[in-house]
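Structural overview
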Amino acid sequence: MSSSDQTASTSFNAPDCSQIQLNEHGRLHHFLTPQNLSKDILTEIMDVAESFSSVANQAVKKVPVLRGKTIVNLFFENSTRTRTTFELAAKRLSADVININVATSAASKGESVLDTIRTLEAMQVDMFVVRHADSGTAHFIARNVAPHVSVINAGDGSHAHPTQAMLDMFTIRRVKKDFSKLKVAIIGDILHSRVARSEIHALNILGAKEVRVIAPNTLLPIDAKALGVTVFNDLESGLDDVDVVIMLRLQRERMHGALLPSENEYFDRFGLTEEKLAYTKSDVTVMHPGPINRGVEMAASVADGPNSVVLQQVTNGIAVRMAVMTLILGQNRQVVGAE
Amino acid sequence: MSSSDQTASTSFNAPDCSQIQLNEHGRLHHFLTPQNLSKDILTEIMDVAESFSSVANQAVKKVPVLRGKTIVNLFFENSTRTRTTFELAAKRLSADVININVATSAASKGESVLDTIRTLEAMQVDMFVVRHADSGTAHFIARNVAPHVSVINAGDGSHAHPTQAMLDMFTIRRVKKDFSKLKVAIIGDILHSRVARSEIHALNILGAKEVRVIAPNTLLPIDAKALGVTVFNDLESGLDDVDVVIMLRLQRERMHGALLPSENEYFDRFGLTEEKLAYTKSDVTVMHPGPINRGVEMAASVADGPNSVVLQQVTNGIAVRMAVMTLILGQNRQVVGAE
Amino acid sequence: MSSSDQTASTSFNAPDCSQIQLNEHGRLHHFLTPQNLSKDILTEIMDVAESFSSVANQAVKKVPVLRGKTIVNLFFENSTRTRTTFELAAKRLSADVININVATSAASKGESVLDTIRTLEAMQVDMFVVRHADSGTAHFIARNVAPHVSVINAGDGSHAHPTQAMLDMFTIRRVKKDFSKLKVAIIGDILHSRVARSEIHALNILGAKEVRVIAPNTLLPIDAKALGVTVFNDLESGLDDVDVVIMLRLQRERMHGALLPSENEYFDRFGLTEEKLAYTKSDVTVMHPGPINRGVEMAASVADGPNSVVLQQVTNGIAVRMAVMTLILGQNRQVVGAE
């Protein structure tokens, strides 16, 4: 792993993935981060996702688009929820899926990440969906895989989580249509959040009017403004007149460190309640990547209330992942030869 | 979870699932317990299972009945054997299957059962197969899922295990044809057995001539007779003239409590041996849900002897689970629209 | 398990599987060991594997040969790498695959191996792929399964690993064509290696000119020569003029016993370096079953160098496993009846 990977975990210095994500025709080949991708590419992902949204309502929720392709869920960090969405997306595209939880397998034999990749690649798999606690792992793998293999980043340290960002963009577009009129506030642990980082990139690429982050200074990166956001330290001013609120999940293990006061105090200052929601536009959309800690990040009445689109986010997550898989592997398929 | 769920685990007070199991057309929508279902419904399950029994003998053991459906095995309690039968049943119906072992995943993030359900439901799954150590969990989930999602109870605490009961009924019917002439004895830990409870309901609904339970008083519910059974405390009188003997699995962990003497003493009093079998009808059918503790619940010579149908029970379990899945999801499919 | 199984783990006394592996037509029914199989059978496996090699290069890497068949990966010993190759092979043949890791499931209920087999068999599965730490387990299961069920040994103790041996034979044949001209050296822990044993059998059956083993005496079976090999204790003489070098994986847990000096000393004496490679023929082929301990069994420059076919071995492993599954289950299918 490169030295930049080591330092990326708590700083906001990420590997530059812009070159590697596109093939020579300018089409998506890996999906590691929205950063430096064009508005056209992100829009195409959402357009294809739109076409897949209807598949879920069919009696037979399956299309033969990726039949005969092999997709490996390579999870170095456990996440049943995220793994399940990728597995379902792949199966609904008729791909074969192999789930590998590395924490409990090859690693115990001392096999390196690269040997694992080389071996699976030799089994002629087509795509790795990679999740890892270290920033830069998906990028490292993408730089090292064979040309015919693609990588989707399913979350790497505090770096990026591009499909989560795109399912959120897709959810926002379905509700609000036009990004250019939107003020969006992201609330919570911005410093450690790969979701926040990818959302900020995506919102700026898609031309959101204003992207705000709201957090205590201890949970903000030093160079926050450089990301293209307005910084707020309190909910009242930060929520003023916003169209969309994106809550981040608070890792409870961080609560016991020096960065945060108690859960109660956090909820008092940054928890989203119906009272706090009054500062926003009345038709505000409330989002959360889940799972929600009710009473910590937000009140149950907000999480389950009329402005919340938390469950639509989950539904849209399948369609967006189907779209990314299809854009990447569907085009390769055309290059290699039709069925 | 409702308060009744808490107390249900060792009493025989179960949630009343009768309302919720049928849809507005009186067709099976969830399968939580045989209790309060009609003889017609139970008979239909066996009839459809009969038609699936031949599938297993085909060269291609697969029918496209549930293609494009997603079935989630949601196991809060580990059971490879039961999970495998549901997985095989779903795959032979061409459904997509997702296995989720909750003990090792989302629960570790503190996500509640309801949030897990809501999230999976938003991924447009069609059916949950639920196993949980607490009585009432499947019922609780069924009461809370979206209308288009169905629940099969794969065992909840000491409450119910309806597919096990129905595969036993199906096995009995194949051998004995007519329930109205049958005396059936259930032997073992009636108090804690979800299998026993569901079998008693099913046998009474199907019109068995007599249902007996044979157990020491410490392993009988206080209100045993209210279940519609004759109670016996010794094998000799209990086995007299019976047509079918259903052995229950003895949970070894119970052996170390105050409820039971030693394994040897249990086997002496309640273990089924060839000598004890002499009390029954000569063509008696011997059943056990497996896995058998040979030398505890019964002698190896009985378990593997000519009257035992233990392996047929396993085979029939696939057909019965295919039948239940098809009755529930096949009819929904017709409502939503044909392929 | 038979008493020979107990003693087989470190001696080279293996069960005689020759009778049981073929059906009454002389066709492969189980694949437990290459020992005592004919040259024709081993050649047929490689010929069929050759035809499957092209499947991996198709846009749709899937053939419907085993549609409707159920293959159970029954792993009593964890191995993600091996399990994945069998799972991929089965899926590319369109079979349904069930993964069962016994260490974490039925065994905890005290169920015996035989009960596990009987139960799965009753679910009408077609094939078990078995891996177990005890020599003879696959053979024991093959002797006890129902006539319509087949067993592939995916590694049993120190006895056999026939698909690994055959993928190595297939890899050698693709590079070198004619076995009768080849000198092959196997280097490492011959004593404990099921891979070595199966390779020695296969090479001798296929008519290799000379099979050598190179190891310290502590890692050689007492009756090594009886296996049909030439024994060497040093690399220099053992590598002289060989065409193929097969490295074995060194189990690091063995390093702490009395059998071996330190890793460094082992590498000095038996590690394959570019200097050592100079003793061989210039077009030598270097193989390793993986995962490689670089700097222990061989230098990274050799493992990743021009003579290494380590990744081709992995690729060929899929084709060979597809071939074995097809030869066994494809012919059964014809007996039972066509689709």
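Residues numbered from 1 in each chain as written. Chains lettered and ligands numbered in written order. Predicted model: local features only at pLDDT ≥ 70, side-chain atom pairs only at ≥ 80, totals over all residues.

Across its full length, chain A carries 13 helices and nine strands. Counting every position in chain A, which comprises 339 residues, the buried fraction comes to 55%. Contacts in chain A between residues far apart in sequence, at least 24 positions, make up 76% of those at least 6 positions apart. (Helix = DSSP H or I, 4+ residues; strand = E, 2+ residues; numbered from the N terminus. Buried ≥ 20, exposed ≤ 12 C-beta atoms within 10 Å, placed from the backbone. Contact = placed C-beta atoms within 7 Å.)

Looking now at the sheet that holds strand β2 (residues 96-101) of chain A. Residue and element names in this part refer to chain A. Strand order in the open sheet formed by four strands is β2-β1-β3-β4, with parallel pairing between adjacent strands. Strands with a single pairing partner mark the edges of an open sheet, and in this sheet they are β2 and β4 (150-156). Shown here is a sheet whose adjacent strand axes are inclined to one another by a mean of 15°, direction ignored. Bridge count between strand β1 (residues 70-75) and strand β3 (residues 127-132): five bridges; the pairing is parallel. Across the sheet, the residue bridging to isoleucine 71 is methionine 127, located in β3. (Pairing = 2+ DSSP bridges. Axes fitted to C-alpha atoms, helices over the stretch in contact; angles between N-to-C directions.)

With that out of the way, let us pick up the nonpolar core. Within the largest apolar cluster, 307 residues are counted, with the highest numbers of intra-cluster contacts made by Val245(A), Val245(B) and Val245(C). Residues contacting Val245(C), with those up to four places away along its chain left out, are Ala185(C), Ile187(C), Leu239(C), Leu272(C), Thr280(C), Val284(C), Val286(C) and Met287(C). (Core = buried A, V, L, I, M, F, W, Y, C linked by C-beta atoms within 7 Å.)

Our next topic: helix α7 (residues 194-205) of chain B. Residues and elements named next belong to chain B. If you check α7, its first and last C-alpha atoms are 17 Å apart, about what 12 residues at 1.5 Å a residue would give, namely 16 Å. α7 sits mainly inside the fold: 11 of its 12 residues count as buried. Structurally, α7 contributes buried residues whose contacts are with α2 (39-53), β4 (150-156), α6 (162-176), β5 (183-187), β6 (210-214) and β8 (244-247). Count one or two residues on from α7 and you reach glycine 207, which has phi positive near 85°. (Expected span 1.5 Å × (residues − 1).)

Residues and elements named next belong to chain B. Among the five residues that make up β5, five are buried, leaving the element largely enclosed by the rest of the structure. Residues of β5 alternate between two faces, with Lys183, Ala185 and Ile187 on one and Val184 and Ile186 on the opposite face, all of them buried. As judged from the five bridges shared by β5 and β6, these two strands associate in the parallel manner. Across the sheet, isoleucine 187 pairs through a bridge with isoleucine 214, a residue of β6. Each parallel crossover has a hand, and the one from β5 via α7 to β6 is right-handed. (Right-handed = clockwise from strand over helix to strand, strands pointing away.)

Across residues other than glycine, the phi torsion is negative in most instances, and most of the peptide bonds are trans. Residue and element names in this part refer to chain A. Here the bond from glycine 290 into proline 291 is cis, since omega is -10°, no more than 30 degrees from zero. Take proline 291: it is sitting in the loop between β9 (285-287) and α12 (300-303). Located in the positive-phi region is glutamine 124, a residue other than glycine, with phi close to 60°. Turning to its location among the elements, glutamine 124 is positioned in the loop between α4 (113-122) and β3. One non-glycine residue, lysine 177, lies in the positive phi region at around 65°. Among the secondary structure elements, lysine 177 is positioned in the loop between α6 (162-176) and β5 (183-187). The class of lysine 177 is exposed, set by 10 C-beta atoms lying within 10 Å.

Residues and elements named next belong to chain B. In terms of residue burial, β6 counts as a mostly covered element, since four of its five residues are buried. As defined by bridge partners, β6 adjoins strand β7 (residues 230-232) across three bridges and the pair is classed as parallel. Its bridge partner being in β7, valine 213 is matched across the sheet by valine 231.

Here we come to the packing of helix α2 (residues 39-53) of chain A against α6(A). All names here are of chain A. Relative orientation of the contacting elements α2 and α6 amounts to 70°, with a least axis distance of 10 Å. Here α2 is positioned roughly perpendicular relative to α6, judged by the angle of their axes. Both α2 and α6 take part in a crossing whose hand is right-handed. Side by side, α2 and α6 meet where Leu42, Ile45, Met46 and Ala49 of the first sit next to Met166, Met169, Phe170 and Arg173 of the second. (Parallel < 35°, antiparallel > 145°, perpendicular 65-115°, else oblique. Left-handed = near helix turned anticlockwise from the far one by under 90°.)

Before going further, it helps to spend a moment on the domain arrangement of chain A. Residue and element names in this part refer to chain A. The domain architecture assigned to chain A consists of domain 1 (3-161 + 316-336) and domain 2 (162-314). Contacts between domain 1 and domain 2 engage 29 residues on the former and 28 residues on the latter. Contributions of two or more residues to the side of domain 1 that touches domain 2 are made by α2, β4 and α13 (310-336). Taken together, the residues of the side of domain 1 that touches domain 2 break down into 14 nonpolar, 12 polar and three charged. (Domains from an automatic or database assignment. Nonpolar A, V, L, I, M, F, W, Y, C, P; charged D, E, K, R; others polar.)

Turning our eyes to something else, we now look at the sheet that holds strand β3 (residues 127-132) of chain B. Residues and elements named next belong to chain B. Spatially, four strands are ordered β2-β1-β3-β4 in an open sheet, and the strand pairing comes out parallel. Edge positions in the sheet fall to β2 (96-101) and β4, since each has one partner strand and no second. Within the sheet, the average angular offset between the axes of one strand and its neighbour, ignoring direction, is 15°.

Next up on the list: the packing of α6(B) against α7(B). A pair of packed helices is characterised by two quantities: the angle between their axes and the separation of those axes. Residues and elements named next belong to chain B. Where α6 contacts α7, the axes come no closer than 8 Å and their chain directions differ by 50°. Our classification of the angle between α6 and α7 gives oblique. Considering only the axes of α6 and α7, their crossing is right-handed. In this structure, α6 contributes Pro162, Gln164, Ala165, Met166, Asp168 and Met169 to the contact, and α7 contributes Val195, Ser198, Glu199 and Ala202. Partitioned by chemical class, the residues of the contact of α6 with α7 number six nonpolar, two polar and two charged.

Relative to the elements of secondary structure, Met325(A) occurs in helix α13. Separated by 289 residues in sequence, Met325(A) and Asn36(A) have C-alpha atoms that sit 19 Å apart.

A few words now on the environment of Arg249(B). With respect to the element layout, Arg249(B) can be found in the loop between β8 and α9 (252-255). If we skip the residues at most four places from it in the chain, Arg249(B) touches Pro289(B) and Glu297(B).

What follows is about the confidence of the model for chain A. All names here are of chain A. Residues at a pLDDT of 70 or more form 87% of chain A, whose mean pLDDT is 88. The low-confidence segment residues 332-339, where pLDDT is below 50, has seven contacts with residues more than four positions distant or belonging to other chains. Complex prediction metrics read pTM 0.90 and ipTM 0.88. (pLDDT = per-residue confidence, 0-100.)

All names here are of chain B. The residue glutamate 77 is located in the loop between β1 (70-75) and α3 (80-92) in this model. In the structure, glutamate 77 is positioned 220 residues away from glutamate 297 in sequence and 23 Å away in space, judged by C-alpha atoms. Excluding anything up to four places from it in sequence, glutamate 77 contacts Arg131, His132 and Ala133.

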